[in-house]
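Listed here are the chains, written in short residue letters.
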Amino acid sequence: MNSTAIFINIFALGCLIVSLVKDRAKTKQSIKVAIKSFFRILPTVLIIIIFIGLLLGFVPPSVISKIVGEQSGFAGILLVALFGAIVHIPALISFPLAGSLLKSGASVAAVAAFIATLTMIGTITLPLEIKELGKKMALLRNGIGFIIAIIIALIMGIML
Amino acid sequence: MKDNVKEMQRKGMIRDSIFLGITLIIAIILLLIFPDRREAITTASWEFFIEMIWILPAVMVLMGLFAVWMSKETVIKYLGKTSGIKGISLAILFGALPTGPLYVAFPMAAALIKKGARISNVIIFLSAWACIKIPQEMVELRFLGPKFMASRLVLTIIFVVIMGVSIERLIEWSDKKASKSIGGEDDASI
């Protein structure tokens, strides 16, 4: 077990104990919410885990770096950014995928673009966003979000 | 509003399960066709599975706790009336708390706008909710390293604030233009 896992478990346990001391009923409700969200996220987690296995098993690093590596340039970043905007993966489990892509030859900018658009932009949730916040605000948020995601990715590519 | 979220969750669950089935079938077929790759694939998948199973329950517990303790009403109450630097910081902080997916935040954002909160703060809140979640940052640290995580965090905060302010300007500008073109002088009357 690594330090992040240890830290996050201790942190969660600490919060749980504080909550339990303060209010038993609320804690019980929290655990219920936690179990529900765990099972809701589980299918996606398993998909990503299988996908990472297949990716690392079949696609050699040379191919990955050709498509999303340094030499793919701006087109590669744009491609990944579009992919991130369309797919609907909880950010939490996109990090292992992003990490393995980075290790197998993807560029920092491409990986950053993927995470940035994935978190910032929701194509699947867009109808709901329009319904709740109006067309103007929802489209502006997603549109400008896409642009700043690419700017962040480019800056990170230069920095790291 | 609640029905929308519920419907979204139900649809998402069905979609995810179908995708999982398809992925499993494809994986099994590929493993049968390429037995020599079997070990590399299962090892890689297993390693990530172990990593995630150590982190995921704790993250879910944190999300559950914050969802129950930090009620929507509290967030809306505090975020609705603060502005300036304090409002921006509060919007980022509330957004970064470990709570559910983005579509849960849309009804809250709508309630905030109705309450008269600044558009910039609502956008910053939504974007922080989407991009900077505390447990997510820890997972990012684990898989992508401290340099990547820290620089993405700082850049995201900077650009999210810029985005919030510019969207507010854009919306106010277009609202003004719209009300002028109608010919009304309702700017003052609102």
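Use the structure listed above.
Remember, it's a predicted structure, so these values are computed and weren't measured experimentally. (Residues numbered from 1 in each chain as written. Chains lettered and ligands numbered in written order. Predicted model: local features only at pLDDT ≥ 70, side-chain atom pairs only at ≥ 80, totals over all residues. Heavy atoms only, no water.)

As a further point, take the packing of aromatic side chains. Residue and element names in this part refer to chain B. Taken as a whole and assessed by the stated rule, the structure comprises seven aromatic pairs over all chains. Its end group placed over the ring of Trp129, Lys133 keeps NZ or CZ at 4.4 Å from the ring centre. Directly above the ring of Phe143 sits Arg142, whose terminal nitrogen or CZ lies 5.6 Å from the centroid. (Phe/Tyr/Trp six-rings, centres within 6.5 Å; stacked < 30°, edge-to-face > 60°. Lys NZ or Arg CZ within 6 Å of the ring centre and 35° of its normal.)

This paragraph deals with the side chain of Asn142(A). Residues and elements named next belong to chain A. On the secondary structure map, Asn142 appears in helix H8 (residues 135–159). A distance of 3.1 Å separates a polar atom in the side chain of Asn142 from a polar atom in the side chain of Glu129. Apart from residues lying up to four places away in sequence, Asn142 is in contact with Met120, Ile121, Gly122, Leu126 and Glu129. (Helix = DSSP H or I, 4+ residues; strand = E, 2+ residues; numbered from the N terminus. Polar contact = N/O pair within 3.5 Å; in protein donor to acceptor, adjacent residues only side chain to side chain. Contact = heavy atoms within 4.5 Å.)

Residues and elements named next belong to chain A. Along the chain, Ser65 turns up in helix H3 (residues 61–68). Judged by its relative accessible area of 17%, Ser65 is buried. Residues contacting Ser65, with those up to four places away along its chain left out, are Glu70, Gln71, Ser104 and Gly105. (Buried < 20%, exposed > 50% of the residue type's maximum accessible area, 1.4 Å probe, protein only.)

A few words now on the pattern of salt bridges. All names here are of chain B. Applying the stated rule across the entire model yields nine salt bridges over all chains. With a closest N to O distance of 2.7 Å, Arg142 and Glu51 form a salt bridge. On the criterion of sequence distance, the pair formed by Arg142 in helix H7 (residues 134–182) and Glu51 in helix H2 (residues 38–69) is long-range, its members being 91 residues apart. Its relative accessible area of 28% is what places Arg142 among the partly exposed residues. According to the relative accessible area criterion, Glu51 is buried, its value standing at 19%. Taken together, the salt bridges that share partners define one network made up of Glu137, Glu140 and Arg152. (Salt bridge = Lys/Arg side-chain N within 4 Å of Asp/Glu carboxyl O.)

Right, let's talk about the environment of Val61(B) for a bit. Structurally, the position occupied by Val61(B) is in helix H2. Between the C-alpha atoms of Val61(B) and Pro98(B), which are 37 residues apart in sequence, the distance is 9.5 Å. Other than its neighbours up to four places away in sequence, Val61(B) contacts Ala12(A), Leu16(A) and Ala34(A).

Turning our eyes to something else, we now look at the interface of chain B and chain A. Listed by partner, the interface residues are 74 residues for chain B and 73 residues for chain A. Roughly 7100 Å² is buried in total at the junction of chain B and chain A, and carbon and sulfur atoms are behind 82% of that figure. The tally of links from chain B across to chain A stands at one salt bridge. Taking the shortest distance from any N to any O, the salt bridge between Lys136(A) and Asp175(B) comes out at 2.7 Å. Broken down by secondary-structure element, the contributors of at least two residues to the side of chain B that touches chain A are helix H1 (2–33), H2, helix H5 (102–114), helix H6 (119–131) and H7 of chain B. In terms of residue class, the side of chain B that touches chain A is made up of 54 nonpolar, 11 polar and nine charged. (Buried area = accessible area lost by both parts, 1.4 Å probe. Nonpolar A, V, L, I, M, F, W, Y, C, P; charged D, E, K, R; others polar.)

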